[in-house]
Structure formats: C-alpha cells, structure tokens
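Geometric and topological summary
Single-letter residue listing:
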Amino acid sequence: MSRFSAGRRSVIRAAVWILAALAPIAAAAPLAAQDVGLAVGRVPDAVQLEDIDGNPFDFASVVGRKPVLIEFWATWCPLCAALEPRIRAAKQEHGDALEVIIVAVGVNQSPRSIRRHIEKHAQPGRVLFDARGRASRAYMAPSTSYVVALDAQGRVVYTGVGEDQDIAAAARKAVGQ
C-alpha cells in the first residue's frame, strides 16, 4: 500500500514530468528561437485533437492551408501568461490571415479546469486539449510556452520557448512579410 493517495501520486507524477521537461531549459542559457523542437523547413505530421468541449479538430484543416501560430500552453504556466499579450497582438495585426492554435497540454489540467480558466482569461486563439500528447509529440514540444510558426505550406518557419520570444517576428515570417 502506497503512503500517498491516488490524487497525490498524480500530482507528484505531474510535478516530476514538469521538472524533467524544464530541467534542460533551466540548465542552459536563455533559449532563443530555433534552439528547441522541430527544425525550420520541416512539415510536421497532421494530428487530430479535441477542443475543450470534446469536438474533434484536425490540424490538416488549417496547416498547409494558411499560416498558423501554435503555442503549447497550460493554465498554470507563468511563461504562457507572459506570452499571451504578444500572441493576441499578432492575431490582431494579421487577423484572419493567421490561425492561432493554443494546445493545452494534458498535464495537471482537464477540459473543465481549462474552460474555467479561459472564462476569466480569454485566449487569442482556438483552444485544443492534448490529453494523450499527440500534438506534443508531433511538434516535439519540450515544455509549455513552446511556440511553432508555420507558413501557408505547413513548413516550420520558427520555433521558440520561454517568455522572451519575438512573437511579432514569428507571425510575420509565417504570413510571409
């Protein structure tokens, strides 16, 4: 018999996963664009996720059809909160020419907790839930606050992680400006 309850074990596992994911970032100098994740020029595999209401969403419906900015995000991520105004500004600047997708990672959050969070803190794009890590694997997301910009052909034009990313420049690259 474990000395921790199932809920506490779940929280401990999530904390260990987060620390393991963030350890390489903390050990390195501040990361700039292209230091992590997918290589520039690569076309990631199409994945299918669900939005927070359980409706299916196929990345192929936008990737390769228009420029896309994707952030791997969590309600508990302070770096994601710091990026949110820049992502919102990029979406405002480019409007319908830029699709913004917020991929909520499936670590220590649920569709219900995400829904409660975005009722108070609206996100600048479509929010999807990556319960099984499909998008995280396909996009090689090392942690939350990971941003990928794709051009209209679905090729990676930018990746970065952390709060000091130049989201405006990434969005301009994606839309071809």
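Anything mentioned here points back to the structure above.
What this report covers is the structure whose coordinates are included nearby. (Residues numbered from 1 in each chain as written. Predicted model: local features only at pLDDT ≥ 70, side-chain atom pairs only at ≥ 80, totals over all residues. Heavy atoms only, no water.)

Once that is clear, we can look at the side chain of aspartate 130. For aspartate 130, the position within the fold is in strand β5 (residues 126–130). Put simply, aspartate 130 is tucked away with no salt bridge, and the nearest opposite charge, on arginine 134, sits 6.4 Å away. Here alanine 135 takes part through its backbone nitrogen, which lies 3.2 Å from a polar atom of the side chain of aspartate 130. Setting aside residues no more than four positions away along its own chain, aspartate 130 makes contact with Leu49, Val103, Ala104, Val105, Gly106, Ala135 and Ser136. (Helix = DSSP H or I, 4+ residues; strand = E, 2+ residues; numbered from the N terminus. Buried < 20%, exposed > 50% of the residue type's maximum accessible area, 1.4 Å probe, protein only. Lys, Arg positive; Asp, Glu negative; His and termini not counted. Salt bridge = Lys/Arg side-chain N within 4 Å of Asp/Glu carboxyl O. Polar contact = N/O pair within 3.5 Å; in protein donor to acceptor, adjacent residues only side chain to side chain. Contact = heavy atoms within 4.5 Å.)

Most of strand β4 (residues 99–105) is tucked away, with seven of its seven residues classed as buried. Neither face of β4 is open: one carries Glu99, Ile101, Val103 and Val105, the other Val100, Ile102 and Ala104, and all of them are buried. Inspection of the sheet shows strand β3 (residues 68–73) paired to β4 by six bridges, in the parallel sense. Bridge pairing links valine 68 to glutamate 99 in β4. Crossover connection from β3 via helix α2 (residues 78–94) to parallel β4: handedness right-handed. Taken together, β4, helix α3 (residues 111–120) and β5 form a β-α-β motif whose crossover is right-handed. (Pairing = 2+ DSSP bridges. Right-handed = clockwise from strand over helix to strand, strands pointing away.)

A few words now on the sheet that holds strand β1 (residues 48–51). Paired through their backbone hydrogen bonds, the strands of a sheet run either parallel or antiparallel. Ordered by their spatial adjacency, seven strands build an open sheet running β2-β1-β5-β4-β3-β6-β7, and the pairing between neighbours is mixed. Unpaired on one side and paired on the other, β2 (56–58) and β7 (156–160) mark the two borders of the sheet. With direction set aside, neighbouring strand axes in the sheet form an average angle of 30°. Sheet topology note: the β1/β2 ladder contains three bridges and is antiparallel. The residue of β2 that forms the bridge with leucine 49 is phenylalanine 57. Helix-sheet contacts for α2 involve β3, β4 and β6 (146–150), and the interaxial angle to β3 is about 165°. Most of the contacts of helix α5 (residues 167–175) go to β6, to which it runs at about 25°, and overall it touches β3, β6 and β7. (Axes fitted to C-alpha atoms, helices over the stretch in contact; angles between N-to-C directions.)

Moving on, we get to the side chain of histidine 94. The residue histidine 94 is located in helix α2 in this model. The contacts of histidine 94, once residues within four sequence positions are left out, are Ala171, Arg172, Val175 and Gln177.

What follows concerns the environment of glycine 133. As for its position among the elements, glycine 133 is in the loop between β5 and α4 (134–138). Residue glycine 133 is classed as buried on the basis of its relative accessible area, which comes to 15%. Counting along the chain gives 30 residues from glycine 133 to valine 103, while the straight-line C-alpha distance between them is 9.9 Å.

All of the buried residues along α5 are Ile167, Ala170, Ala171 and Ala174. Along the axis of α5, the buried positions cluster into a sector of 95°, meaning they face one direction only. Buried residues belonging to α5 abut β3, α2, β6 and β7. Positioned one or two residues after α5, glycine 176 has a phi angle of 85°, which is positive. (Arc of directions from axis to C-beta.)

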